[in-house]
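Single-letter residue listing:
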Amino acid sequence: MSSMTTHPTMAAVYRKALKTWRPVILYFGNKNCYACEMAEPVFRAIAEKYKDHAHIYVLSTSESPRHSEVTGTPTVLIYKDGKLLKKLKGIGTRETLEENFKKHIGKLRPKQQIVRKPRHDLPWLQKTFSTLCTVPRARELLRP
């Protein structure tokens, strides 16, 4: 049973966002909240690393539809397969937020640099150029 059936009052926007196989992270903040002003840059910096592995949304409580799990700001909700896995009231420290991302999304692998051998070398290039037909050469070949 998914959390979407247990939260019929949840706005359609959130139900639609949660219908994905990837983890979904919702950050709720407010412009008039001092804690949110301090937390949002930290959240964005950590979320930037995970943007290819999860759907991450930064939402304003004054502009977004009401969410049943949000009672204060800043709040971070972590969903997977439509189910609420973790609710963070405030983000805590940078390290604890990073740990929650790692726990629910997974560790990031360093991007591998694959060194590939060039497909075409100089002899291949010379052979290819020698077989190319230019217009004057094609006319010579077509004349009897």
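The structure displayed is predicted, hence computed values, not measured ones.

Engineer: Describe the sheet that holds strand β3 (residues 75–80), naming the residues involved and giving the relevant values.
Structural biologist: Strands belonging to one sheet form pairs held by backbone hydrogen bonds; the direction of such a pair is parallel or antiparallel. Pairing within the open sheet is mixed, and its 4 strands lie in the order β2-β1-β3-β4. Two strands lie at the open edges of the sheet, namely β2 (55–60) and β4 (83–89), each paired on one side alone. Ignoring strand direction, the axes of neighbouring strands in this sheet form an average angle of 15 degrees. In this sheet, β3 lies alongside strand β1 (residues 24–29) in antiparallel orientation, the contact comprising 5 bridges. Across the sheet, the residue bridging to Leu26 is Leu77, located in β3. On the sheet, helix α3 (residues 34–49) packs against β1, β2 and β3 and is oriented at approximately 160 degrees with respect to β1. Sheet strands touched by helix α4 (residues 94–105): β1, β2, β3 and β4. Its angle to β4, the strand with the most contacts, is close to 175 degrees.

Engineer: Could you give me a rundown of the side chain of Thr20, with the residues and numbers involved?
Structural biologist: Take Thr20: it is sitting in the loop between α2 (12–17) and β1. Discounting chain neighbours no more than four positions away, the residues touching Thr20 are His55 and Asp81.

Engineer: How would you summarise the nonpolar core if you had to cite specific residues and measurements?
Structural biologist: Residues Ile25, Tyr27, Phe43, Val76, Leu97 and Phe101 are the most contacted members of the largest nonpolar core, which totals 17 residues. Residue assignment for this core shows that the elements contributing at least two residues are β1, α3, β3 and α4. Among the elements that make up this core, the one with the highest residue count is α3 (5 residues). Other than its neighbours up to four places away in sequence, Tyr27 contacts Cys36, Ala39, Glu40, Phe43, Tyr57, Val58, Leu59, Pro74, Thr75, Val76 and Ile91. Met10, Leu59, Val70 and Leu77 belong to the second-largest nonpolar core, a separate cluster that totals 11 residues.

Calculation rules
Residues numbered from 1 in each chain as written. Predicted model: local features only at pLDDT ≥ 70, side-chain atom pairs only at ≥ 80, totals over all residues. Heavy atoms only, no water. Pairing = 2+ DSSP bridges. Helix = DSSP H or I, 4+ residues; strand = E, 2+ residues; numbered from the N terminus. Axes fitted to C-alpha atoms, helices over the stretch in contact; angles between N-to-C directions. Contact = heavy atoms within 4.5 Å. Core = buried A, V, L, I, M, F, W, Y, C linked by side-chain atoms within 4.5 Å. Buried < 20%, exposed > 50% of the residue type's maximum accessible area, 1.4 Å probe, protein only.

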